[in-house]
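# Topology and contacts: notes
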Amino acid sequence: MASGTLSTFLGINLVTPRGVVAHAETDAITAPGELGEFELLPGHVPMLTALRPGVLTIGEKSRARYAVSDGYLRIDFDGAVEILVEKAVPAAEVDVEAAKKDLRAAEAELAKWDDKPTDGDWQNLMHRVQWAQACLDVKAS
Amino acid sequence: MPSLKSIRKRIASVKNTRKITRAMKLVAAAKLRRAQDAIIAARPYTRALTQVVSELSGVAGPDAHPLFADRGKKKVAIVVFTSDRGLAGAFNANVVKTVERFTASELADSEEVTLRLIGKKSNQYFSRRAAKIASFDAAPTGATALQLSHDTAARVIDDFLTGKVDRVYMVYNEFKSAISQNTTVQQILPAVPPAKPAAKADKAADKGGEHQVDFIYEPSKQELLQRLVPLYVQIGLYRAALESIAGEFGARMSAMESATKNAGEMISRLTLQYNRARQAAITKELLEIIGGAEALKG
C-alpha cells in the first residue's frame, strides 16, 4: 500500500481471539463507536477509537454485516484498518432464537438484581444483554 | 501359585484396561491438536492488543489507568486453573501444590487470600480445606474459554477497583509440549503496561515520532485505556485458559501412554506366569502317569 498518497480503499483486518474473521479491501466501514455509529471512508486521518457491542458493516456496495462486541478500531496512515473485537459473528451465522432466549434470560436476572451491588457479575449480565441485542440488531436490518 | 483360570482372567482384564487407556490417549491427542490451533489463532489478537495498549499507556503515561496502580499485596486473589477430570498425571496436583507453596511463601504476610477456582479438581481440593473461595466455575473448553475469561476478568477487575483485593494472580499449567507442562504463577492485576517491543524500532520510527501526535483518539486516551485495559486483562486469562486446556490434554496423553505401556508389560509378565503354570501342570500329570505305569510294571 502506498503511503503518502490518498488511498482509495480501506484494507481491513477484523481480528478476534478466535482468529482473523475477515481480511479484505473495501470502500467503506460503518461501525458502532463509543460516541455513536460512524462511517469510515478511504483517506480518513489516522484514528484510534473504542467500539461498543453493535453492528459492523463492511463495504458500501457489497455489504458484509457482523455482530461485534467490545473492542477498538484503528486506522493507520496507509489506510490499513485494524478492527479488534472480542467477538464477531457474521449476520448469516447469528442464531436469532438463541439470542432472544439469552436476552430474555439476562433481562430477567437483571430485573431481580434490585439493590444488590453492581459488581463484576452485574457487568457480565449487562454485557450479555448488549451482546444479545447486537445479535438481534444485525438480523433486524 | 494362582490357578490357571485366575491368571487367564487377570490377563483378560488387563487387556481391557489397555484398550481403554489406548483409546483415551488417542482422544487426548486429537483434542490436543485442536487446543493448540486455538492458541495459535489467538496470537494476532494478543499481539495487536498488546501493541495498542503499550502505545496508549506510552502516550498517556503509566499512571493513566487505575488498573495499573500498585497498592501492595495486603488482600490477594488467586485465579486457579485446573481441569474437571483426573487421569492426567500430576497436572492438577502441580497447580494445587504451587498455589499452596505460593501462599505460604510469597503471600505469607498478606492478610487475606481469596481463591477463584476454575475446574472441579481445584474445588474438590480447596473446599475441604480452610480456604476462602470467592467463586467456582467448571473448567473451560474450547467453546466456553472466551466467555469464562470475560466473566472472570470482569469479576477480578471489579474486585480490584472497589478495593476488595489489591493484587490478583493466576496459577495455570503453561503448555510447553505434549510431554511437559510448566506450572506458572502470573500477576494479572495491577496490570503491567507492556513495554514497547524494541524489535519494531524501525517500524515505529516510520510511523511513530511526529506522526504519533497526529493520531486522533476518540474518546480521550484515558477513556480508551478504560475500555482496552480490561480487554488486555481478559486476553491474559483467555491465553491461560487455552494453555491449561492444551496442557491437560498433553498431560493426559502422556499419562495414558505410560499406562498403556505398563499394561503391556503386565500382560507379558502374566502370560509368562500363565505358560509356566500350564507347563508345571503338564509335567505333574506326566509324572503321575509315568509313576503309575512304573508301579503296574513292577
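If you're wondering where the values come from, they're calculated on a predicted model, not measured in any experiment. (Residues numbered from 1 in each chain as written. Chains lettered and ligands numbered in written order. Predicted model: local features only at pLDDT ≥ 70, side-chain atom pairs only at ≥ 80, totals over all residues.)

Bringing the overall build of chain B into the picture now. Per the secondary structure count, chain B includes eight helices and six strands. Along chain B, helices and strands appear, N-terminal first, in the series α-α-β-α-β-α-β-α-β-β-α-α-β-α. A compact globule built from 298 residues would reach a C-alpha radius of gyration of about 19 Å, whereas chain B, at 29 Å, exceeds it by more than 25%. Its C-alpha atoms put chain B at 120 × 45 × 30 Å along the principal axes. (Helix = DSSP H or I, 4+ residues; strand = E, 2+ residues; numbered from the N terminus. Rg over C-alpha atoms; globule rule 2.2 N^0.38 Å.)

Here we take up the environment of B:Arg239. All names here are of chain B. Mapped onto the elements, Arg239 comes out in helix α8 (residues 221-297). For Arg239, a count of 21 C-beta atoms within 10 Å puts it in the buried group. Measuring from C-alpha to C-alpha, the distance between Arg239 and Ser149 comes to 8.8 Å, with 90 residues separating the pair along the chain. Setting aside chain neighbours within four positions, we find Arg239 in contact with Ala42 and Thr46. (Buried ≥ 20, exposed ≤ 12 C-beta atoms within 10 Å, placed from the backbone. Contact = placed C-beta atoms within 7 Å.)

We now examine the packing of helix α5 (residues 145-161) of chain B against α8(B). Residues and elements named next belong to chain B. Running from N to C, α5 and α8 cross one another at 130°; their axes reach a closest spacing of 8 Å. When the axis of α5 is compared with that of α8, the two are oblique. Remark: the crossing between α5 and α8 carries right-handed chirality. Touching Ala145, Leu146, Leu148, Ser149, His150, Thr152, Ala153 and Ile157 of α5 are Pro230, Val233, Gln234, Leu237, Tyr238, Ala241, Leu242 and Ile245, all from α8. For the contact of α5 with α8, the per-class residue count stands at twelve nonpolar, four polar and no charged. (Axes fitted to C-alpha atoms, helices over the stretch in contact; angles between N-to-C directions. Parallel < 35°, antiparallel > 145°, perpendicular 65-115°, else oblique. Left-handed = near helix turned anticlockwise from the far one by under 90°. Nonpolar A, V, L, I, M, F, W, Y, C, P; charged D, E, K, R; others polar.)

Taken together, the 27 residues of chain A in the interface contact 29 residues of chain B. Mapped onto the side of chain A that touches chain B, the elements with two or more residues apiece are β1 (10-16), β2 (19-26), β5 (47-51), β8 (71-75), β9 (80-85) and α2 (120-140) of chain A. Partitioning the side of chain A that touches chain B into residue classes produces twelve nonpolar, seven polar and eight charged. Across three bridges, the pairing between β5(A) and strand β6 (residues 216-218) of chain B is parallel. In the sheet register, A:Thr49 faces β6(B), and the bridge partner there is B:Glu218. (Pairing = 2+ DSSP bridges.)

So, about the nonpolar core. Nonpolar side chains tend to gather and get buried jointly when the protein is soluble and globular. In terms of nonpolar packing, the biggest core is built from 98 residues, with B:Ile78, B:Val80, B:Phe81, B:Met170 and B:Leu228 touching the most fellow members. Tallying contributions element by element places α8(B) first for this core, with 20 residues. Apart from the residues lying within four places of it in its own chain, the contact partners of B:Leu228 are A:Tyr72, B:Val52, B:Val53 and B:Leu56. (Core = buried A, V, L, I, M, F, W, Y, C linked by C-beta atoms within 7 Å.)

Time to look at the domain arrangement of chain A. All names here are of chain A. Once the domains are mapped, chain A shows domain 1 (10-91) and domain 2 (95-140). Each of domain 1 and domain 2 has a C-alpha centre, and the two are 24 Å apart. Contacts between domain 1 and domain 2 engage eleven residues on the former and seven residues on the latter. Listing elements by their share of the side of domain 1 that touches domain 2, those giving two or more residues are β6 (54-58) and β7 (64-68). Ranked by residue count, the leading element in the side of domain 1 that touches domain 2 is β7, at four residues. Residue composition of the side of domain 1 that touches domain 2, grouped by class: seven nonpolar, two polar and two charged. (Domains from an automatic or database assignment.)

With that out of the way, let us pick up the domain arrangement of chain B. All names here are of chain B. Once the domains are mapped, chain B shows domain 1 (4-25 + 254-291) and domain 2 (30-253). Between the C-alpha centres of domain 1 and domain 2 the distance comes to 49 Å. Between domain 1 and domain 2, the residue contacts involve six residues of the former and nine residues of the latter. Of all the secondary structure elements, the ones that give two or more residues to the side of domain 1 that touches domain 2 are α1 (4-41) and α8. For the side of domain 1 that touches domain 2, the class distribution of residues is three nonpolar, one polar and two charged.

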